[in-house]
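The primary structure of each chain is shown beneath.
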Amino acid sequence: MSLAARISGRQPLVWAAVFAGGLALTAWLERSGRIGWPWNVALIALFALSLPLMRTASLNRASGCGTATLALRAYQNRSLVWALSYVALLGVALTARNTWHPAGPVLWLLALLPSLTIAYYVWALGRYLAEEDDEYQRMRQVNSALIATGLLLVVASTWGFLETFGVAPHVEGWWSVAVWAVGLGLGNLVQTLRERQDDAA
Amino acid sequence: MKNRLKVLRAERDWSQQDLAERLGVSRQSVNAVETGKYDPSLPLAFRIADLFELPIEAIFQRD
């Protein structure tokens, strides 16, 4: 089997796990003082290479299940643009801060740079729901988003109370993106497993 | 809601994919409707009825 076929045959979750694991590893290496800028940005950029592979694997699986609608393809493309631009803008913001040590409005702008891409992703999700003609696929995506939102609500509020009572360290708010993304993946997984269970019954 | 999609499909020798393409939805959606996991909206139910040239109540029945 060729390398391309082996790569595209992988489950999208594998590539998502590679990316998430890469981010976690980078964060751990940075916190433990083993690496600093610019190696942290370089590592994140390296793990971001798994994102196009995740998109290809996801579309391949959707084609196999007969679910690769035009709207889904557009959504996957926009999600890829989001993920890569998130990594790129985060890298630019960190690099600019560490190189020029700006203050005032420029620092504000740099801090806001990565969050622009989150707004873009929310727009992309909205466009998908508006463009998707397949009502069952639309319902599936809405269910996944609800599961992700529910997970985020529970995790964020629980952690917030732990922080308030002084038994947990402070965690930056942008981790909510990672928790929500995990919830979206879990939502898709739960629904797929339920469908397979029903098919087997 | 019960439905006769599987029987109607078999009468025409259509696969789920054939029906999905005729309806402009995914095969997974046809499977979900056919197995009763998902009740279609009225517009989709009308599209299915038009395709099989049957009234909706001849395809979908209450449990």
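Source: prediction; values computed, not measured.

Enquirer: Can you walk me through the interface of chain B and chain A in this structure?
Expert: By a widely used convention, the size of an interface equals the accessible area lost when the partners come together. The interface of chain B with chain A comprises 14 residues on the first partner and 10 residues on the second. Where the side of chain B that touches chain A is concerned, the elements lending two or more residues are helix H2 (16–23) and helix H3 (27–34) of chain B. Ranked by residue count, the leading element in the side of chain B that touches chain A is H3 of chain B, at four residues. Within the side of chain B that touches chain A, the residues separate by chemical class into five nonpolar, seven polar and two charged.

Enquirer: What is the right way to read unusual backbone geometry from this model?
Expert: Note: most residues except glycine have negative phi, and most peptide bonds are trans. Phi at His101 of chain A takes a positive value of approximately 45°, unusual for a residue other than glycine. Relative to the elements of secondary structure, His101 of chain A occurs in the loop between helix H5 (70–100) and helix H6 (105–131). Looking at His101 of chain A, the number of C-beta atoms within 10 Å reads 8, which means it is exposed. Positive phi is not limited to glycine here, since Glu53 of chain B has a value of about 55°. With respect to the helices and strands, the residue Glu53 of chain B is situated in the loop between helix H4 (42–52) and strand S2 (60–61). C-beta crowding within 10 Å serves as the criterion here: with 7 such atoms nearby, Glu53 of chain B is assigned to the exposed category.

Enquirer: Even after reading the chapter, I still don't get the environment of Asn98 of chain A, so can you show me in this structure?
Expert: Its place among the elements puts Asn98 of chain A in helix H5. On the basis of neighbour count, Asn98 of chain A is assigned to the partly exposed category, with 13 C-beta atoms found within 10 Å.

Enquirer: What should I look at first to understand the confidence of the model for chain A in this one?
Expert: Detailed reading of the predicted model is not advised wherever pLDDT is low. For chain A, per-residue confidence averages 84 on the pLDDT scale, and residues scoring 70 or more make up 90% of the total. Averaged over each element, pLDDT in chain A is lowest for helix H1 (residues 3–8) of chain A (55) and highest for helix H7 (residues 135–164) of chain A (96).

Enquirer: Mind showing me how you'd approach the nonpolar core here?
Expert: As a rule of thumb, nonpolar side chains are buried together in soluble globular proteins. Ranked by size, the top nonpolar core spans 10 residues in total: Trp15, Phe19, Ile44, Leu51, Met54, Ala57, Trp82, Ala83, Tyr86 and Val87 of chain A. Looking at this core, the elements that each hand over two or more residues are helix H2 (12–31), helix H4 (50–65) and H5 of chain A. Considering every element that reaches this core, the biggest residue donor is H5 of chain A, with four residues. Within the second largest apolar cluster, nine residues are counted, among which are Leu5, Leu19, Val30 and Ala32 of chain B.

Enquirer: What is the right way to look at the confidence of the model for chain B in this model?
Expert: Residues and elements named next belong to chain B. Per-residue pLDDT for chain B averages 94, and the proportion of residues at 70 or more is 100%. Predicted confidence in chain B is weakest over H3, with a mean pLDDT of 92, and strongest over H4, with 96. Complex prediction metrics read pTM 0.76 and ipTM 0.90.

The rules we used
- Residues numbered from 1 in each chain as written.
- Chains lettered and ligands numbered in written order.
- Predicted model: local features only at pLDDT ≥ 70, side-chain atom pairs only at ≥ 80, totals over all residues.
- Contact = placed C-beta atoms within 7 Å.
- Helix = DSSP H or I, 4+ residues; strand = E, 2+ residues; numbered from the N terminus.
- Nonpolar A, V, L, I, M, F, W, Y, C, P; charged D, E, K, R; others polar.
- Buried ≥ 20, exposed ≤ 12 C-beta atoms within 10 Å, placed from the backbone.
- pLDDT = per-residue confidence, 0-100.
- Core = buried A, V, L, I, M, F, W, Y, C linked by C-beta atoms within 7 Å.

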